[in-house]
Amino acid sequence: MKNIYISSDKEAVEFKNFLIDEIEKLGFAYQDLTQEDFDFVDSSNAVCESLLKDEDPKSIGIVLDRYGAGSYIACNKHKGIVAANVSDERSALMTKRHNGARILVMGSGIIGHDLARTCLNNFLTYEYDGGRHQIRIDMLNKMM
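Residues numbered from 1 in each chain as written. Predicted model: local features only at pLDDT ≥ 70, side-chain atom pairs only at ≥ 80, totals over all residues. Heavy atoms only, no water.

1. Comments concerning helix H2 (residues 40-53)
And then number 1: Between its terminal C-alpha atoms H2 stretches 20 Å, which fits the 20 Å expected from 14 residues at 1.5 Å a residue.
And then number 2: All buried positions along H2 are accounted for by Ser 43, Ser 44, Ala 46, Val 47, Cys 48, Ser 50 and Leu 51.
And then number 3: Elements that come into contact with the buried residues of H2 comprise strand E1 (4-8), strand E3 (60-65), helix H3 (69-76) and strand E5 (103-107).
And then number 4: For H2, the capping residue at the N-terminal end is Asp 39, with a side-chain oxygen 3.0 Å from the backbone nitrogen of Val 41. (Helix = DSSP H or I, 4+ residues; strand = E, 2+ residues; numbered from the N terminus. Expected span 1.5 Å × (residues − 1). Buried < 20%, exposed > 50% of the residue type's maximum accessible area, 1.4 Å probe, protein only. Contact = heavy atoms within 4.5 Å. Polar contact = N/O pair within 3.5 Å; in protein donor to acceptor, adjacent residues only side chain to side chain.)

Right under this line is the structure:
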């Protein structure tokens, strides 16, 4: 079973707790990596490092901050990580299916709870399609 790693900076703790409740309702196990003094770089690093050590390629991460942009940038600095900063359901779905994103990034000041719930559900319940999309993933991996 895939592992779910979640973390937030201090600006998005309430948002993270809401999403943890949703993860539990969906029946998934998770690891909350958040520490009290985390900023977005710390929370991003914690999730990325856990994913890179995880041998299950279906394991995913969720990183949250106020606007999403900082965490998105920090996550994508890690070789082998594809993170997506999303604020709509379709992006959450397609970035997982076509781009092989392993980390869902959302901003608590950008996206409301109802929309976040749908984005989370799409990201958790769909898998990477592979096939013709793998060509682009291979091209991205060569860039790093």
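2. Examining the packing of aromatic side chains
And then number 1: A full pass over the atoms with the stated rule returns zero aromatic pairs.
And then number 2: Above the ring of Phe 123, the side-chain terminus of Lys 96 is found at 4.7 Å from the ring centroid. (Phe/Tyr/Trp six-rings, centres within 6.5 Å; stacked < 30°, edge-to-face > 60°. Lys NZ or Arg CZ within 6 Å of the ring centre and 35° of its normal.)

3. Digging into the side chain of Ser 71
And then number 1: Mapped onto the elements, Ser 71 comes out in helix H3.
And then number 2: Taking relative accessible area as the criterion, Ser 71 reaches 0% and is therefore assigned buried.

4. Some remarks on the sheet that holds E3
And then number 1: Overall, parallel pairing links the five strands, which are arranged E2-E1-E3-E5-E4 in an open sheet. Two strands bound the open sheet, and with one partner strand each, they are strand E2 (31-32) and strand E4 (83-85).
And then number 2: Bridging between E4 and E5 involves three bridges; their strand directions are parallel. Within E5, the position partnered with Ala 83 by the bridge is Ile 103.
And then number 3: Packing against the sheet, helix H5 (residues 113-125) makes contact with E1, E3 and E5, and its axis sits at approximately 175 degrees to E5. (Pairing = 2+ DSSP bridges. Axes fitted to C-alpha atoms, helices over the stretch in contact; angles between N-to-C directions.)

5. Remarks on the pairing of E5
And then number 1: Where burial is concerned, most of E5 is hidden: five out of the five residues are buried.
And then number 2: Of the two faces of E5, the one lined by Ile 103, Val 105 and Gly 107 and the one lined by Leu 104 and Met 106 are each fully buried.
And then number 3: Across five bridges, E3 lies against E5 in parallel orientation. When the bridges of E5 are listed, Ile 62 appears paired with Leu 104.
And then number 4: Each parallel crossover has a hand, and the one from E4 via helix H4 (residues 89-97) to E5 is right-handed. (Right-handed = clockwise from strand over helix to strand, strands pointing away.)

6. Looking at the state of the cysteines
And then number 1: Taken as a whole and judged by the stated rule, the model has zero disulfides.
And then number 2: Residue Cys 75 stays outside any disulfide, its sulfur separated by 3.8 Å from that of Cys 48, the closest cysteine. (Disulfide = S-S within 2.5 Å.)

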